[in-house]
Amino acid sequence: MVYWQRQLHILRYSRNRMGSEFLRPDRFRRLPINRTGPKVQIAFRADFVFPAPMIPKEILEREFFMEKIFKLKENGTTVRTEIVAGLTTFMTMAYIIALNPNLLTGFGAEGQNLWNGVFLATCIASAIAMFCMAFLANKPFCLAPGMGLNSFFAIVVANIAGITGMSYVDSFQSALVIILVEGIIFIILSILNIREKIVDAIPLGVRLGIAPAIGLMLMNIGFGSNAGVYSETGGPFFVMRDFFGALTPSVAQTTMGSGYSTMVLQVATMFIGLFAIVILAKKGVKGAVLAGMLVASVIYWAGAAMLGQNPFASLATASFVPPFGDMMSTTLFKFNFQGFLQVGWFTAITLIITFCMIDMFDTIGTLVGTASRAGMVDKDGNMPKMKEALLSDALGTVAGACTGTSTVTTFVESASGVEAGGRTGLTALTCGVIFLACIFIAPIAAIIPAAATSAALIYVGVLMLMGLKNVKFDDLDQMVPVSLMLIGMPVSSSIGHAIGLGLISYTIIKVFTGKAKEVSLLTYVISALFLLKFFLIV
């Protein structure tokens with residue numbers, strides 16, 4: 001067989017004959033190589049003296065940088081796959097860029113300056129957290145201000161304003177102290193391995209149910225609350241509740257008014273995107289999730305144009321200049337310690353504990369569930385570098401407090417990037433870079449239709465349900481906690497609360513069936529804390 005020999009660096013020549021000129025393929029003759037014989041005969045031009053096979057250090061460093069940092073081959077992935085995975089994750093969680101400042105500022109009711117500050121804080125804090133995840137843990141998990149936690153933060157801000165009589169902005173800056181303290185506590189707990197021990201305290205039976213429960217929650221988000229429609233009759237109207245839940249199409253049309261046609265477009269976009277992803281995935285196409293989302297986006301944009309809508313109208317008035325001045329005046333390192341102390345020590349401690357518990361188990365649940373789906377856990381369900389991943393999450397929370405946003409946590413949408421092939425920190429790095437770029441290009445990210453992201457969330461949710469095959473259905477010790485998590489997570493929209501229900505039920509069953517010794521001391525403590533949180537603290 002005839003080959004062109006291109007592996008210049010494997011040829012061995014005398015180093016003292018090295019020249020500044022490199023070997024070029026055009027200098028080679030066609031070389032017959034006997035691959036089955038004991039020797040390989042290589043013929044080359046007699047009038048050319050080959051230099052030593054040394055490649056400059058700069059080229060080697062450039063070529064192997066990604067491999068050295070992220071160990072791509074060891075994790076069975078490539079640079080291209082990781083970048084596609086990072087982009088896929090970004091597209092599924094890009095909604096947080098605008099939604100987070102909307103929730104924390106009452107959709108801009110508390111002033112454009114505060115909205116701009118929170119917007120920049122969301123992009124910057126998320127990017128910092130993902131850079132930490134990339135370089136400390138080398139994991140493909142992406143982080144941003146957590147949904148649920150940001151809504152709770154907004155409620156806390158409003159309550160502080162009611163208790164103290166301060167303005168919303170002053171109360172907002174007081175509440176940032178809670179996030180700062182929470183982040184510092186998590187850093188200490190992570191360094192001391194306490195958070196990792198808490199992860200180990202979660203029984204295997206409960207761990208097995210986390211990924212499928214997250215899958216149901218993703219499907220619930222995709223079908224239930226991700227793509228909403230507004231009209232003159234009200235809103236938001238959602239796909240599962242208001243379209244498929246309507247008695248007849250005429251009832252749905254009457255309820256939604258002029259928004260009915262848009263709802264039909266949302267439904268069509270969602271399912272076309274979903275089936276596109278499934279078909280591409282079954283054909284083995286890499287980046288199927290991202291490709292399906294792009295197909296869905298094009299369908300939506302075309303449909304909107306046919307309905308007389310301009311899906312790109314927001315770009316006409318969009319500003320691409322980051323409002324750094326607003327951030328510096330409202331959120332950047334704006335901690336109101338004096339205002340925070342006005343709420344009282346008991347209330348302050350209660351709020352900190354509540355934030356810590358919700359964030360801790362949301363993060364643990366997301367890491368364990370997503371890692372399980374990606375095959376990143378051992379036979380006991382433990383993920384390597386869990387400590388570094390938890391530390392990255394804690395550092396992200398501190399960054400969020402300093403820049404001016406609520407708790408930064410690992411996003412469950414990371415599962416979409418993992419499904420796209422992401423296995424290393426390069427996925428998180430890619431997503432983080434795009435988040436940082438959104439300081440300038442946020443209006444472009446905003447034109448991604450919600451229905452397209454719903455398709456990806458539903459698909460990933462279905463895949464995560466496959467984890468149920470590892471659950472022993474004839475073992476009530478496992479099935480009861482898993483069943484409670486399966487219903488608790490999508491209904492409450494809280495990973496942490498669902499894990500709490502699973503741990504409490506697991507502990508009670510073991511105690512009252514004579515197996516109390518099988519439950520670790522830390523599991524008892526965590527179960528008791530959740531009982532206090534459910535019935536006394538909140």
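Parameters and conventions
- For every chain, the first residue of its written sequence is number 1, and the numbers climb from 1 along that sequence.
- Selection of residues for local features in this predicted model requires a pLDDT of at least 70, selection of side-chain atom pairs for listing and counting requires 80 or more, and totals for whole chains, interfaces and linings are taken over all residues.
- As a convention, hydrogens and water are excluded, and side-chain values are obtained from all of the structure's heavy atoms.
- In this analysis, axes come from line fits to C-alpha atoms, helices being fitted only over the stretch in contact, and the angle between any two N-to-C directions falls in the range 0 to 180 degrees.
- Helix and strand definitions here come from DSSP, where helices need a minimum of 4 consecutive H or I residues and strands a minimum of 2 consecutive E residues; each element is numbered from the N-terminal end.
- Note on terminology: angles under 35 degrees are roughly parallel, angles over 145 are roughly antiparallel, angles of 65 to 115 are roughly perpendicular, and the others are oblique.
- Crossing chirality is assigned from the near helix's rotation relative to the far helix, an anticlockwise turn below a right angle marking it left-handed and a clockwise turn marking it right-handed.
- We call two residues contacting when some pair of their heavy atoms lies within 4.5 Å.
- Residue polarity follows a fixed list, in which Ala, Val, Leu, Ile, Met, Phe, Trp, Tyr, Cys and Pro are nonpolar, Asp, Glu, Lys and Arg are charged, and the others, Gly among them, are polar.
- Burial classification: accessible surface area is computed with a 1.4 Å probe over protein chains only, and a residue below 20% of its type maximum counts as buried, one above 50% as exposed, and the rest as partly exposed.
- Here the rule is simple: two strands pair whenever DSSP picks up at least two bridges between them.
- Each patch groups residues whose relative accessible area exceeds 30% and which form no salt bridge, using 9 Å between like charges and 5 Å between nonpolar side chains of Val, Leu, Ile, Met, Phe, Trp and Tyr.
- Using the Shrake-Rupley algorithm and a 1.4 Å probe, accessible areas are obtained, with residue cover drawn only from the displayed protein chains.
- What makes a salt bridge here is a side-chain nitrogen of Lys or Arg within 4 Å of a carboxyl oxygen of Asp or Glu, nothing more.
- On a range of 0 to 100, pLDDT expresses the predictor's confidence in each residue.
- Polar contacts, as counted here, are pairs of nitrogen or oxygen atoms within 3.5 Å of one another; within protein the pair requires one atom able to donate a hydrogen and one able to accept it, and residues that are adjacent in sequence qualify only if both atoms are side-chain atoms.

Visitor: Give me the packing of helix 5 (residues 149–164) against helix 6 (residues 168–191): which residues, what numbers.
Guide: Direction vectors running N to C along helix 5 and helix 6 enclose 120°, while the axes themselves pass 8 Å from each other. If you check the angle between helix 5 and helix 6, you find them oblique. As helix 5 packs across helix 6, the resulting crossing turns out to be right-handed. Contacts between helix 5 and helix 6 involve Phe-153, Ala-154, Val-156, Val-157, Ile-160, Ala-161 and Thr-164 on the former and, on the latter, Tyr-168, Ser-171, Phe-172, Ser-174, Ala-175, Leu-176, Ile-178 and Ile-179. A breakdown of the residues in the contact of helix 5 with helix 6 according to their chemical character gives 12 nonpolar, 3 polar and no charged.

Visitor: Lay out the pairing of strand 4 (residues 228–231) with the relevant residues and their values.
Guide: Of the two faces of strand 4, the one holding Val-229 and Ser-231 is buried and the one holding Gly-228 and Tyr-230 is not buried anywhere. Bridge count for strand 4 against strand 5 (residues 234–238) is 3 bridges, and the pairing is antiparallel. Following the sheet pairing, Ser-231 is matched in strand 5 by Gly-234. Linkage of strand 4 to strand 5, two consecutive antiparallel strands, is achieved through a turn of 2 residues.

Visitor: I'd like a description of a nonpolar patch on the surface, backed by residues and values.
Guide: A surface patch of nonpolar side chains, amounting to about 710 Å² of accessible area, comprises Leu-521, Val-525, Leu-529, Leu-531, Leu-532, Phe-535 and Leu-536. Note that Leu-521 resides in helix 22 (residues 521–537).

Visitor: Can you lay out the confidence of the model for the protein for me, pointing to particular residues and giving the numbers?
Guide: The pLDDT averaged across the protein works out to 83; a share of 87% of its residues lies at or above 70. For the protein, per-element mean pLDDT is lowest for strand 1 (residues 2–3), which scores 37, and highest for helix 16 (residues 386–403), which scores 95. For the stretch residues 1–52, pLDDT sits under 50, and the model shows 60 contacts to residues farther than four places along the chain or on other chains.

Visitor: Describe the environment of Leu-216, with residues and values.
Guide: Assignment of secondary structure puts Leu-216 in helix 8 (residues 204–225). Once you skip the residues sitting within four places of it in the chain, Leu-216 turns out to touch Leu-465, Leu-486 and Pro-490.

Visitor: Lay out the side chain of Asn-336 with the relevant residues and their values.
Guide: Within the secondary structure, Asn-336 sits in the loop between helix 13 (324–330) and helix 14 (337–341). Since its relative accessible area comes to 17%, Asn-336 is described here as buried. A polar contact of 3.4 Å, which involves the side chain of Asn-336, links it to the backbone oxygen of Asp-170. Look past the residues within four positions of Asn-336 in its chain and what remains in contact with it is Met-166, Asp-170, Gln-173, Ser-174 and Val-177.

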